[in-house]
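What follows is each chain in one-letter form.
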Number of protein chains: 2
Amino acid sequence: MALDERKKVILQAVVEDYINTAEPVGSRSISKKSDLNLSAATIRNEMGDLEEMGLLTQPHTSAGRVPSTLGYRLYVDNLMQKYEITASEVEKLQDAVELKMKELDKIVRAVASTFSNITGLPVIGVLPTAETGLVNNIKVVAVDPGAIMVIISDKSGIIKNKLLRLKTETSEEYIKHLNEILNENLSGLTLSGINLNNIMKVQTAVGENPEILTSVLELVHEAVSEIDTKQIFVEGLSNIFSFPEYNNIEKVKEIFSAMENKENLTQLISAMPNNGTIKVMIGDEVPVEELKTNSVILAPYRVSDKLCGVIGVVGPARMDYSKIISVLEYFTNQLSDVLGDKFGKRNEPISALLESGSEGEE
Amino acid sequence: MALDERKKVILQAVVEDYINTAEPVGSRSISKKSDLNLSAATIRNEMGDLEEMGLLTQPHTSAGRVPSTLGYRLYVDNLMQKYEITASEVEKLQDAVELKMKELDKIVRAVASTFSNITGLPVIGVLPTAETGLVNNIKVVAVDPGAIMVIISDKSGIIKNKLLRLKTETSEEYIKHLNEILNENLSGLTLSGINLNNIMKVQTAVGENPEILTSVLELVHEAVSEIDTKQIFVEGLSNIFSFPEYNNIEKVKEIFSAMENKENLTQLISAMPNNGTIKVMIGDEVPVEELKTNSVILAPYRVSDKLCGVIGVVGPARMDYSKIISVLEYFTNQLSDVLGDKFGKRNEPISALLESGSEGEE
DNA sequence: TGTTAGCACTCAAAGAAACAGAGTGCTAAA
DNA sequence: TTTAGCACTCTGTTTCTTTGAGTGCTAACA
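Keep in mind the model is a prediction, meaning the values are calculated, not measured. (Residues numbered from 1 in each chain as written. Chains lettered and ligands numbered in written order. Predicted model: local features only at pLDDT ≥ 70, side-chain atom pairs only at ≥ 80, totals over all residues. Heavy atoms only, no water.)

(A) Summary view of the overall build of chain A. When helices and strands are counted, chain A shows 12 helices and 10 strands. Taking 2.2 N^0.38 as the reference for a compact globule, 362 residues should give roughly 21 Å; the C-alpha atoms of chain A span a radius of gyration of 27 Å, well beyond that estimate. Expressed as lengths along the three principal axes of its C-alpha atoms, the size of chain A is roughly 90 × 45 × 35 Å. Carbon and sulfur atoms form 47% of the exposed surface of chain A, whose accessible area is close to 15,700 Å². In chain A, 36 side chains carry a positive charge and 52 a negative one; their mean positions are 3 Å apart. (Helix = DSSP H or I, 4+ residues; strand = E, 2+ residues; numbered from the N terminus. Rg over C-alpha atoms; globule rule 2.2 N^0.38 Å. Areas by Shrake-Rupley, 256 points an atom, 1.4 Å probe, with all protein chains shown as cover. Lys, Arg positive; Asp, Glu negative; His and termini not counted. Charge placed at Lys NZ, Arg CZ, Asp CG, Glu CD.)

This is the structure in structure tokens:
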């Protein structure tokens, strides 16, 4: 059976009506709402065809039709209109970015939170990670008599720091010494490169006060492993309360427990293609068992060549794909721009003075 | 009417049965379970009396009895037995503390999370805050050519740091200069002390590069205000799903929205007495409208003389007061000990070398 | 006087039956 | 090819009935 123009129009109408109402769509309402000027009976016939083609399904014999995964897929790939971002949405994004100009992590979270707000959906995100955490520079600073801070900067521009509380005071010279030895031995190494071998080397080089050294090395290790560990977060999960799909306690419990499980989130994220495009997973295309009645849309963002992350939404398969995809695209593009400006192109001899920003601490 | 010994035993039995089963307690089950050897009819009479005294209520005429707020209160104040902490609970706490020996914030959160785990209840907590954030020392460090870090230490021992990304490089001398000026002008000031006046003074003292200075001052301000702002967190809220009280979507929505509201949390926390004791709020004693069917138990912990925080639980009025109070007491005591050792007594000339720890960053 | 057995009564929760309404598929006519 | 009409199906809601746990009261008993 061919999918002629009229069938497409009807399919689109069904999908959009269902997205709005969450109720199975009957022939009569399509007949009235669409401008095809066809009677309910005709629509009925067409809908029968669409069902036969696997694009629509009936929850039960005498109910209206609901899009199938395939139906949504066709809609997303071919039928839907591009949603135009509104001024107010742009403004909200701007506010989120402006307000938190200070920290990389916080900008991403603020943008994610705003996105969750605009779409009314739970958002899942991954903070910027480097592909390989190469130690660039290690700095040990005496903060006050009882504490030193270890600051590790990574080749891709991430900076992490750790505080070390001491019970005895250390001398300026010792710290200077420590700085030199650490940089000599660890610069340019990856996480896996910082192994027992190197540590032994550093330890013999420093000689005295091995306890402080051990702690410092531990912190360096921790920092580097944080740099190339994907940190996944979920924002606005309680947004699902607003969907009739989740007006039942069992469903709510299910999605909460599913989203609290790190493994599930990792699995979702790992479904991202690495060609920089948006990934739309509809219904049973979602690779997590407990989420197969939902859809997931993910988009990548980039900070610099080496740093990237992901933002996306999770929600009922009946979601406003058009709007969400447009807004998500816009948000991740903007995010890439803003972050890229601030963190990516630091070596350019721009005359402008500075941009303030802090990230990745603790 | 007098509350004789037998009535007390019966009240206790009712409360404990209700805590376990969540079902209104009938006279027959008390007659069987308690070792009073009385018939259901006798118990019935006594329960009638207890109801008259306002200690028990009936959900409806032909149901069993349920403790009233007053009944719980009497139970908590006079009747309940002290719960003995189990070895496994001690062990879990130890694990939580050991595992995260590095950071003040994280230890508190880890303990809170473990506590939530053991009690099966949502936990509410406040990170350590100082009563007045007096600036002790400001350190500006060049991390790499494009970034400087500002580290602010507070008189009470909290250390915060902020990263500042630059587009131009700065000289070592400028940074040294900055360090001196900042400490000269801002040491010993409180948040409110860092006002336009001081800032102007610093600005004229530095002279060149006012943009960097402005940013640095902004960061200092931010850091100090973070130090004396109460940071409230909630852990394990989805634990409420395991209570029959919350097997209904409306209730779940209600508690989620109530607990997402910062104002409510602040209101709860502000109900803490400042004499260092545990606060138990039962049912309508809870000062938040949406939580009046629940109970809240809060306990303070101290890091040093000036630093303190709060940990507690929120859950159905039918909660295991005995266990929760004992465990909470134990946890906060341990927390105070551990943190006090690490962060409070740093000036003692202890021969031991060091303890590692980091906190308050970002 | 305190305790207990017995009984009538109450009420919520669960199940069964009746009903309304939205939607379908099919047939026959336009 | 489209449409009107009609019988049929199925869900959700309402109403009624039944069941069972629990009470309060009364009268008898120790």
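(B) View of the packing of helix α1 (residues 5-21) of chain B against helix α4 (residues 69-79) of chain B. All names here are of chain B. Closest axis-to-axis distance for the α1/α4 pair is 10 Å, and the angle between their directions is 110 degrees. As the angle between them shows, α1 and α4 are arranged roughly perpendicular. Seen from α1, the contacting residues are Lys8, Leu11, Gln12, Val15, Glu16, Tyr18 and Ile19; seen from α4, they are Gly71, Tyr72, Leu74, Tyr75 and Leu79. Of the residues belonging to the contact of α1 with α4, the class tally is eight nonpolar, two polar and two charged. (Axes fitted to C-alpha atoms, helices over the stretch in contact; angles between N-to-C directions. Parallel < 35°, antiparallel > 145°, perpendicular 65-115°, else oblique. Contact = heavy atoms within 4.5 Å. Nonpolar A, V, L, I, M, F, W, Y, C, P; charged D, E, K, R; others polar.)

(C) Main features of the domain arrangement of chain A. According to the domain assignment, chain A consists of domain 1 (5-79), domain 2 (87-129 + 230-344) and domain 3 (135-229 + 348-356). Just the C-alpha atoms count here: the centres of domain 2 of chain A and domain 3 of chain A sit 34 Å apart. (Domains from an automatic or database assignment.)

(D) Here's a closer look at the protein's contact with DNA strand D. Of all residues adjacent to DNA strand D, which total 21 residues, the nearest are Arg6, Thr42 and Ser62 of chain A together with Ser27 and Arg65 of chain B. Among atoms of DNA strand D positioned within 4 Å of the protein, sugar and phosphate together represent 72%. Taking Arg6 of chain A, its side chain carries an N or O atom lying 2.9 Å from a phosphate oxygen of DNA strand D. Mapped onto the surface near DNA strand D, the elements with two or more residues apiece are α3 (40-52) of chain A together with α3 (40-52) of chain B. (Near = heavy atom within 4 Å. Polar contact = N/O pair within 3.5 Å; in protein donor to acceptor, adjacent residues only side chain to side chain.)

(E) Looking closely at the sheet that holds strand β4 (residues 135-144) of chain A. All names here are of chain A. One open sheet accounts for three strands, arranged β4-β5-β6; its pairing is antiparallel. For this open sheet the edge positions go to β4 and β6 (159-165), each flanked by a neighbour on one side alone. On average, each strand axis in the sheet is inclined to that of its neighbour by 20 degrees, with strand direction left out of account. Sheet analysis places strand β5 (residues 147-154) next to β6, joined by seven bridges and oriented antiparallel. (Pairing = 2+ DSSP bridges.)

(F) Highlighting the sheet that holds strand β10 (residues 307-316) of chain A. Residue and element names in this part refer to chain A. The strand order β7-β3-β10-β9-β8 describes an open sheet built from five strands, whose pairing is antiparallel. Whereas interior strands pair on both sides, the edge strands pair on one side only; in this sheet they are β7 (232-235) and β8 (279-281). Geometrically, the sheet is characterised by an average inter-axis angle of 15 degrees between neighbouring strands, direction not taken into account. Taken together, the four bridges between strand β3 (residues 123-130) and β7 define a ladder with antiparallel strand orientation.

(G) Structural context of the side chain of Asp154 of chain A. Residue and element names in this part refer to chain A. Its place among the elements puts Asp154 in strand β5. Judged by relative accessible area, Asp154 falls into the buried class, the value being 2%. Polar side-chain contacts of Asp154 include one of 3.2 Å to the backbone nitrogen of Leu134. (Buried < 20%, exposed > 50% of the residue type's maximum accessible area, 1.4 Å probe, protein only.)

(H) Expanded view of the pairing of strand β6 (residues 159-165) of chain B. All names here are of chain B. Of all the seven residues making up β6, seven are buried; the element is thus mostly covered by neighbouring parts of the structure. The alternating pattern of β6 places Ile159, Asn161, Leu163 and Arg165 and Lys160, Lys162 and Leu164 on opposite faces, both of which are buried. Here strand β5 (residues 147-154) hands over to β6 after four residues, with Gly157 in that stretch at a positive phi of 110 degrees.

(I) Structural detail: the protein's contact with DNA strand C. Lining the immediate surroundings of DNA strand C are 21 residues, of which Ser27 and Arg65 of chain A together with Arg6, Thr42 and Ser62 of chain B lie closest. For DNA strand C, the backbone portion of the atoms within 4 Å of the protein, that is sugar and phosphate, comes to 77%. Side-chain polar atom of Ser27 of chain A to a phosphate oxygen of DNA strand C: 2.7 Å apart, as the coordinates give it. Thr42 of chain B has a polar side-chain atom sitting 2.7 Å from a phosphate oxygen of DNA strand C. Every element with two or more residues in the surface near DNA strand C is listed here: α3 of chain A together with α3 of chain B. A per-class count over the surface near DNA strand C returns four nonpolar, 13 polar and four charged.

(J) Representation of unusual backbone geometry within the structure. All names here are of chain A. One non-glycine residue, Ala22, adopts positive backbone phi at about 65 degrees. With respect to the helices, strands and loops of the structure, Ala22 is situated in the loop between α1 (5-21) and α2 (27-33). Here the phi dihedral of Asn37 falls at roughly 55 degrees; this positive angle occurs in a residue that is not glycine. Judged by relative accessible area, which is 71%, Asn37 ranks as exposed.

(K) Just the layout of surface pockets, in detail. Estimates place the volume of the second largest pocket at around 640 Å³. As for the second largest pocket, its lining consists of 21 residues, of which Lys139, Val140, Val141 and Glu172 of chain A together with Val141 of chain B are closest to the centre. When grouped by side-chain class, the residues that make up the lining of the second largest pocket number nine nonpolar, four polar and eight charged. (1 Å grid on protein atoms, 1.4 Å probe; cavity = no way out; pocket = protein on both sides within 12 Å on 5 of 7 lines; lining within 4 Å. Points joined across faces, edges and corners; volume = space filled by probe spheres on them.)

(L) Expanded view of the packing of aromatic side chains. In total, this model carries nine aromatic pairs over all chains according to the counting rule given. Put simply, the rings of Phe241 and Phe256 of chain A together with Phe241 and Phe256 of chain B touch in pairs and so form one group of aromatic residues. When the ring centre of Phe233 of chain B is taken as origin, the NZ or CZ atom of Arg109 of chain B, which lies over that ring, is 4.8 Å away. (Phe/Tyr/Trp six-rings, centres within 6.5 Å; stacked < 30°, edge-to-face > 60°. Lys NZ or Arg CZ within 6 Å of the ring centre and 35° of its normal.)

(M) A look at helix α7 (residues 172-186) of chain B. Residues and elements named next belong to chain B. Here α7 spans 21 Å end to end across 15 residues, near enough to the 21 Å set by a 1.5 Å rise per residue. Along α7, the residues that are buried comprise Tyr174, Ile175, Leu178, Asn179, Ile181, Leu182, Asn185 and Leu186. At the exit of α7 stands Gly188, carrying a positive phi of roughly 85 degrees. (Expected span 1.5 Å × (residues − 1).)

(N) Up close: a negative patch on the surface. Taken together, the side chains of Glu250, Glu254, Glu289 and Glu290 of chain A define an acidic patch exposed on the protein surface. Within the secondary structure, Glu289 of chain A sits in the loop between β8 and β9 (294-302). (Patch = residues over 30% accessible without salt bridge, like charges linked within 9 Å, V, L, I, M, F, W, Y side chains within 5 Å. Salt bridge = Lys/Arg side-chain N within 4 Å of Asp/Glu carboxyl O.)

(O) Layout of the nonpolar core. Membership of the largest hydrophobic core comes to 161 residues, with the highest contact counts inside it found for Ile311 and Tyr321 of chain A together with Ile311 and Tyr321 of chain B. The leading source of residues in this core is helix α12 (residues 321-344) of chain B, at nine residues. (Core = buried A, V, L, I, M, F, W, Y, C linked by side-chain atoms within 4.5 Å.)

(P) Focus on the environment of Lys292 of chain B. Residues and elements named next belong to chain B. Among the structural elements, Lys292 can be located in the loop between β8 (279-281) and β9 (294-302). Of the residues examined, Lys292 reaches a relative accessible area of 28% and is grouped as partly exposed. Between the alpha carbons of Lys292 and Val123 there is a distance of 17 Å; along the sequence they are 169 residues apart. Sequence-distant contacts of Lys292, that is, excluding residues within four places in its chain, are made with Gly283, Asp284, Val286 and Pro287. At a separation of 2.6 Å, a polar atom in the side chain of Lys292 contacts the main-chain carbonyl oxygen of Val286.

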